[in-house]
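# Per-entry structural report
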Amino acid sequence: QHGSKDDQARAYQMMMECILATDMTKHFDHRKRLQDVNQQPWPKPGTEAFEPYKELVLKLIICSADISNITKSFEVSRQWAIIVTEEFYSQGDLEKEKGLTPLAMFDRSQQGELAQGQIGFITNIGLPHFELVAELFPQWQWMLENLQQNLQAWKNLCTTNGTAAAGP
């Protein structure tokens, strides 16, 4: 057994909070807190004053991992987009079977164009998130650069094809 019961309870609580931080309904509030905190000097790591910062950084890292597919090579990112979109539509199909009305992004009958959906997600969620990541952790600038390249690739698909196919 490692650590006291209190340490174990705190670690468990922190893990739960980090997992819950991936909920997109909390995304904007979390990013705003990090932006606000980043406007002032950070306390020294390992001190009690650093504890709230540690929680924010851990949540940022978990959220980054959660949406990191958009920072991979374009081909990998494109395949993930197809998989995630199908997962959303499957959830919407199940909701319809139960007599519920799914959110538009989960509704296959309101199927949007894959490239446009990715452009929207990257522009509204991904770019602001990974700009903050790169600001806080300059060694992770490569994620932002890949994301910017992917955004351009999705835009190029829209320009080239008018509307890009959602499939492989």
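Keep in mind that what you see is a predicted model, and the values were worked out from it rather than measured. Sequence order as written defines the numbering, with residues in each chain counted from 1. This being a predicted model, a pLDDT of at least 70 is required before a residue's local features are given, and a value of 80 or more before pairs of side-chain atoms are given or counted; all residues contribute to the totals for chains, interfaces and linings. Side-chain descriptors were evaluated using all non-hydrogen atoms of the structure, hydrogens and water having been removed beforehand.

Looking only at helices and strands, one finds six helices and zero strands in the protein. Only DSSP runs of H or I covering at least 4 residues are called helices, and only runs of E covering at least 2 are called strands; the numbering of each starts at the N terminus. From first element to last, N terminus to C terminus, the protein shows the α and β order α-α-α-α-α-α. In terms of overall dimensions, the protein has a C-alpha envelope of 55 × 40 × 30 Å along the principal axes. Buried residues in the protein amount to 34% of all 168 residues. Each residue is assigned to one of three classes by its accessible area relative to the maximum for its type, calculated with a 1.4 Å probe on protein chains only: buried under 20%, partly exposed between the two thresholds, exposed over 50%.

Once that is clear, we can look at the nonpolar core. Think of a nonpolar core as a cluster: buried Ala, Val, Leu, Ile, Met, Phe, Trp, Tyr and Cys residues, connected wherever their side-chain atoms sit within 4.5 Å. Ile122, Phe130 and Trp154 are the most contacted members of the largest nonpolar core, which totals 29 residues. Among the elements of the structure, helix H2 (24-37), helix H3 (51-66), helix H4 (74-97), helix H5 (114-136) and helix H6 (141-161) are those that each provide at least two residues to this core. The element that contributes the greatest number of residues to this core is H5, accounting for eleven residues. Apart from residues no more than four positions distant in its own chain, Ile122 is found in contact with Ile70, Leu127, Pro128, Leu147, Leu151 and Trp154. Every residue pair with non-hydrogen atoms within 4.5 Å of one another is taken to be in contact.

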